[in-house]
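# Notes for the structure review
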Amino acid sequence: MGNKVVTIGLGYIGLPTSALIANGGIFVHGVDINPVVVETINQGKIHIVEPELDEIVEKVVKNGLLKADEKPVEADTYLIVVPTPFKGNHEPDISYVEAATASILPLLKPGDLYIIESTSPVGTTEKMRNFIYENRPDLKDKLYIAYCPERVLPGNVMYELVYNDRVIGGVDEESTDKAVDFYRQFVKGELHRTNARTAEMCKLTENSSRDVQIAFANELSLICDKAGVDVWELIQLANKHPRVNILQPGSGVGGHCIAVDPYFIVADFPMESQIIGKAREINNYKSFWCAEKIKSAKLEFELKKGKKPKVALMGLAFKPDIDDLRESPAKYIVSKVLQSDSNGEYFVVEPNIKEHNVFKLTEYREAVKKSDIVVFLVAHKEFKSLNILEDKVVVDFCGATKK
Ligand SMILES: NC(=O)c1ccc[n+]([C@@H]2O[C@H](COP(=O)([O-])OP(=O)(O)OC[C@H]3O[C@@H](n4cnc5c(N)ncnc54)[C@H](O)[C@@H]3O)[C@@H](O)[C@H]2O)c1
């Protein structure tokens, strides 16, 4: 096993991975196109929020095992950890992976190991293998090429990077072996061998599975609303069945993984991915439905009381107890409600962030006190202990008021 690693992309996944490898005594040359990221890391600091990461980065930068740079250098192992977003039409965008691969083309030499960690559509690793060999025919079949997806939970990354199981798939058996040997140096979880296509599909399947299961709960919530049944009680009772385990409904599905990755399957297999595609639609529709429900609750209040209500919109993050607003359904709902009623009086609440560049935030207890209607969009722990007086109208999309 070589002793020099280049990681391309030093974000939420690339930086912790680089720090962990460096902490094990292997020299890591981390590359990022963002000069602020490079400068911050070379000062021994970090640009993302992740517990324990700051101490490790400070240590490995100080002892010379991690260096950040805007350009790659020659190494034995190359890890591609750049973003893979989707385009406007929900088609996966692998141009960052292509650009990262192009940047190391002149540096590659026989025997090197090339691994993609970025969440990628099926066939991406083979596509990159072909791309590399087309541009470097001298290296044909002389590289080890593999895919190894990441499944860490932000906030617990430094632990999960070590102890989670990993799925590792090479473009051939030798590549799988070589990649398994590489991860064995710093992963204590089990390393499961497969081929590159299965490993790519495995990552997409994990998040699609979550999305489909949440869609089922969200669909139940829509049915129950019409049927006059409390969906929370219903799910609790149905889950008493020894083989039933329904998830909780919410105001939609967000984040940069579950709300994104299923599209990578749907885009390539539109005819076959009926449930996966429909789940995306249901979870998106749930957010739209929530915004409409808020508007109805306001109208009803106005008709009953003869005055416009003040409304508290509780939560902006994409899930409870985090500050991450990426692809957040709550943020979508708040924007939609505010856009449709520019004269209304709203208090936007997000206890996990201090300020927002679009929304003026209000402290959560103050917002509740001042409002006639309290809408729960995210079940943050702060909201669970709120004492809400009976004269308020409560609209709870996420079970924040349920014990
Ligand atoms: N964040 C997570 O929790 C998570 C979990 C599992 C999988 N993933 C996947 O991992 C991949 C990376 O995600 P992330 O959250 O770390 O992204 P990120 O946006 O935090 O970081 C990516 C970094 O890559 C840099 N970059 C972009 N193009 C580059 C290039 N050509 N050369 C060098 N640097 C470049 C960017 O400047 C950025 O700093 C994505 O495919 C994502 O889907 C992320």
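Residues numbered from 1 in each chain as written. Predicted model: local features only at pLDDT ≥ 70, side-chain atom pairs only at ≥ 80, totals over all residues. Heavy atoms only, no water.

### Structural notes on the overall build of the protein chain
Across its full length, the protein chain holds 14 helices and twelve strands. Against the 2.2 N^0.38 benchmark of 22 Å for 403 residues, the protein chain shows a C-alpha radius of gyration of 24 Å, consistent with a compact globule. The dimensions of the protein chain, computed from C-alpha atoms along their principal axes, are 80 × 45 × 40 Å. Taking as baseline every contact in the protein chain between residues at least 6 positions apart, the subset at least 24 positions apart corresponds to 69%. Surface exposure of the protein chain reaches about 19600 Å², of which carbon and sulfur atoms provide 52%. Of the side-chain charges in the protein chain, 50 are positive and 58 negative, and the distance between the mean point of each set is 5 Å. (Helix = DSSP H or I, 4+ residues; strand = E, 2+ residues; numbered from the N terminus. Rg over C-alpha atoms; globule rule 2.2 N^0.38 Å. Contact = heavy atoms within 4.5 Å. Areas by Shrake-Rupley, 256 points an atom, 1.4 Å probe, with all protein chains shown as cover. Lys, Arg positive; Asp, Glu negative; His and termini not counted. Charge placed at Lys NZ, Arg CZ, Asp CG, Glu CD.)

### Some points on the packing of helix α8 (residues 196–227) against helix α9 (residues 231–238)
α9 packs onto α8 with a crossing angle of 125° between their chain directions and a minimal axis gap of 9 Å. As far as their axial angle goes, α9 and α8 are oblique. The two elements α8 and α9 meet at a crossing, and its hand is right-handed. Between α8, through Ala217, Leu220, Ser221 and Cys224, and α9, the contact on the second element is made entirely by Val231, Leu234 and Ile235. Taken together, the residues that form the contact of α8 with α9 break down as six nonpolar, one polar and no charged. (Axes fitted to C-alpha atoms, helices over the stretch in contact; angles between N-to-C directions. Parallel < 35°, antiparallel > 145°, perpendicular 65-115°, else oblique. Left-handed = near helix turned anticlockwise from the far one by under 90°. Nonpolar A, V, L, I, M, F, W, Y, C, P; charged D, E, K, R; others polar.)

### Looking at the site of the ligand
Lining the immediate surroundings of the ligand are 24 residues, of which Tyr12, Ile13, Asp32, Thr84 and Thr119 lie closest. Asp32 is positioned with one of its side-chain polar atoms (N or O) 2.6 Å from an oxygen atom of the ligand. A distance of 3.2 Å separates an oxygen atom of the ligand from a polar side-chain atom of His256. Look at the ligand: alone it shows 830 Å² of surface, and the protein chains cover 87% of it. Among the elements that make up the shell around the ligand, the one with the highest residue count is helix α4 (residues 95–104) (three residues). Considering only residue class, the shell around the ligand consists of 14 nonpolar, seven polar and three charged. (Near = heavy atom within 4 Å. Polar contact = N/O pair within 3.5 Å; in protein donor to acceptor, adjacent residues only side chain to side chain.)

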